[in-house]
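Observations on the model geometry
Below are the chains, spelled out letter by letter.
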Amino acid sequence: MQTLRASKCGLSTTQLPSSILDVIDSLTKAGYEAYIVGGGVRDMMLGLNPKDFDAVTNATPAQVKEVFGRRCRIIGRRFELAHVYSGRELIEVATFRAPPKKAVTSASGMILRDNNWGTIEQDFARRDFSINTLYYQPRKAIVLDFCQAVEDIKTRTLRFLGEPAQRFEEDPVRMLRALRFAAKLNFQIDQSILDVFDVEMTQLLRDVSPHRLYDESQKLFTMGHLTQVLPMLIEFGVWKQLFAEIPPNITPFIERAAKNTDQRIQIGKTINPAFFYAVLLWKPFLERCDFYLNKGVIPAEARAQAGLDVLKRQATRTIIPRFAETFIREVWEMQSRLLNPKPQQIEALAGHARFRAGFDFLLLREKSGDPSTDGMGVWWENYQEMTTDQKEAAIRQYNRQRSKTRRKVADADEQKITEIEPLVDVPEPRSRRAKKERFRADDSANRFLEKATSDSGQVNADHPIHKRKRVQRDLSQVVFGPTQ
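All residue numbers refer to positions counted from 1 along the written sequence of the respective chain. Owing to the predicted nature of the model, reporting of local features is limited to residues with pLDDT of at least 70; listing and counting of side-chain atom pairs is limited to 80 or more, with chain, interface and lining totals taken over all residues. With hydrogens and water stripped out, all remaining heavy atoms of the structure feed into the side-chain values.

On to the overall build of the protein chain, then. Assigned secondary structure in the protein chain consists of 22 helices and ten strands. Considering the protein chain as a whole, with its 484 residues, one finds that 40% of them fall into the buried category. Of the contacts made within the protein chain by residues no fewer than 6 positions apart, 64% connect residues no fewer than 24 positions apart. Put simply, DSSP marks the helices as runs of H or I at least four residues long and the strands as runs of E at least two long, and each gets a number from the N terminus on. Only protein chains enter the accessibility calculation, which uses a 1.4 Å probe. A residue is then buried if its area is under 20% of the maximum for its type, exposed if over 50%, and partly exposed in between. Contact between two residues is taken to exist if any of their heavy atoms lie within 4.5 Å; hydrogens are not considered.

Structure follows, in structure tokens:
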């Protein structure tokens, strides 16, 4: 172990938020050791802005609870932790851990329970990657380095503490962490990890709870380097363990959505992680819709059932929360409504709660080369920037174009129907009233012919035409021959 000055590592208390200093000071004042550890220290040394800070101490979770009282909540069974609230910030406080006295593991070697308290030296040995083992005491301005972690940060090397195969068996989620750190920090994965990181090793992820895998997948989606990590998921065989029916192929739609997600994160915009799940599952959803449509199910019911089926199958790998499932299905349903909206409903549709997500989804489809959008993505994009008068004019224009398109489709359908050529060329009526009268006359004639030609197809002796009363006529009054 080496003790380094914090200034030599580029660390200062001015970089720290008041929440983490409050936790460190409170534990120190109560007589306990307390350090900042993990990704917060690592990111500050790399010149990045940490999302959060974690603390570690020799106080047990119960003792931490005594220090902070109602501000503290103890969570976890497998790893018991204390969550301490400082203002609006949440600080995770862990206790120094020692090797388990009696291993409680699964058949594959995954640790199921790990609540054995120990010293800082024992705690260091229990951590996974060397770059996460720096202990920073801000008030003493020192950094404890047990394994040349500072050197690994300088050389940008991702290295395990201990045997990589054993580390993966203890917690298979470390495979996802390795890929996430490599993509986010632009680190090289150590060769000792690459030697054991194969398709067979990824099978261990099947033993991990689908709830936990969903949480880890959200970290992949929201770290701001999604375009870098997606090819790595395919390369190392992790893709098939996370996604049930999604082919291991990065389509133009997925690629564009990943770039868009990263750009939004970089400029500080909020994102919904469920949106990228909607992108990933879009193709299986369409395939399932076609399955039900071919069975004769009406489109609305086909979409609803297809959405349920796809999300249910994905739940065998990552269980998506109910609220996220609802969001995904609403985004999918918005696609059909945005593609062919009724003119009188356009204004209300633009104010729908899921309009923005549905529009973003539609525009990404269109920009990725999906021909089925018919340019409606750009239409909705322009519509949002118009004034009220311009919107009304755009809706009228859309209505005219929609009617024109429907007439073309109707005419094309009529041409496909084989009809008997009329003996007399009767012009097509133009007014709506004339069309209705023409339709009624044709319908009456058709019903009469159907009734007259029933059974044998000829007029038989029982037909009413043979039973009409004959009227005697005076032939002397009839003029025979040509008349004027």
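Time to look at the pairing of strand 5 (residues 81-86). Burial analysis of strand 5 places five of its six residues in the buried class, which makes it a mostly covered element. By definition, two strands form a pair when at least two bridges between them are found by DSSP. With four bridges connecting them, strand 4 (residues 72-75) and strand 5 associate as antiparallel partners. Bridge pairing in strand 5 places R73 opposite H83. Relative to strand 6 (residues 89-95), strand 5 runs antiparallel, the two being bridged by five bridges. Bridge pairing in strand 6 links H83 to E92. Where strand 5 hands over to strand 6, the hairpin turn is made up of two residues, of which G87 adopts a positive phi near 65°.

Below, the discussion takes up the packing of helix 15 (residues 282-294) against helix 16 (residues 299-314). Here an angle of 0 to 180 degrees is reported between the N-to-C directions of two axes, which are lines fitted to C-alpha atoms, with helices fitted over the stretch in contact. Running from N to C, helix 15 and helix 16 point in directions that differ by 135°, and their axes come no closer than 8 Å. When the interaxial angle is binned, helix 15 and helix 16 end up oblique. Pair helix 15 / helix 16 crosses with right-handed handedness. In this structure, helix 15 uses P284, F285, R288, C289, Y292 and L293 to contact helix 16, whose residues at the interface are P299, A302, R303, Q305, A306, G307, D309, V310 and R313. In the scheme used here, Gly and all other residues not listed as nonpolar or charged are polar, with Ala, Val, Leu, Ile, Met, Phe, Trp, Tyr, Cys and Pro taken as nonpolar and Asp, Glu, Lys and Arg as charged. Per-class residue counts for the contact of helix 15 with helix 16 are nine nonpolar, two polar and four charged. Put simply, angles under 35 degrees are roughly parallel, angles over 145 are roughly antiparallel, angles from 65 to 115 are roughly perpendicular, and the rest are oblique. Note: crossing handedness is left-handed where the near helix turns anticlockwise from the far helix by less than a right angle, and right-handed where it turns clockwise.

It is worth spelling out the packing of aromatic side chains at this point. Describing an aromatic ring pair means giving the distance of the ring centres and the angle of the ring planes. What counts as a ring pair is set by centres within 6.5 Å for rings of Phe, Tyr and Trp (its six-membered ring), and what kind of pair is set by the plane angle: stacked under 30 degrees, edge-to-face over 60, tilted for all other angles. A full pass over the atoms with the stated rule returns 25 aromatic pairs. Consider the rings of F275 and F361, whose centres lie 5.9 Å apart with planes at 75°: the pair is edge-to-face. Residue F275 is found in helix 14 (residues 273-280), and its partner F361 is found in helix 19 (residues 355-367); the two are separated by 86 residues along the sequence. The pair F275 / F361 is uniform in exposure class, with both members buried. Relative to W380, the ring of W379 has its centre 5.2 Å away and its plane inclined at 90°; by these criteria the two rings are edge-to-face. Residue classification places W380 among the buried positions, given a relative accessible area of 0%. One aromatic cluster in this structure is built from F129, F160, F168, F181, F197 and F236.

Honestly, it's all geometry; don't read function into it.
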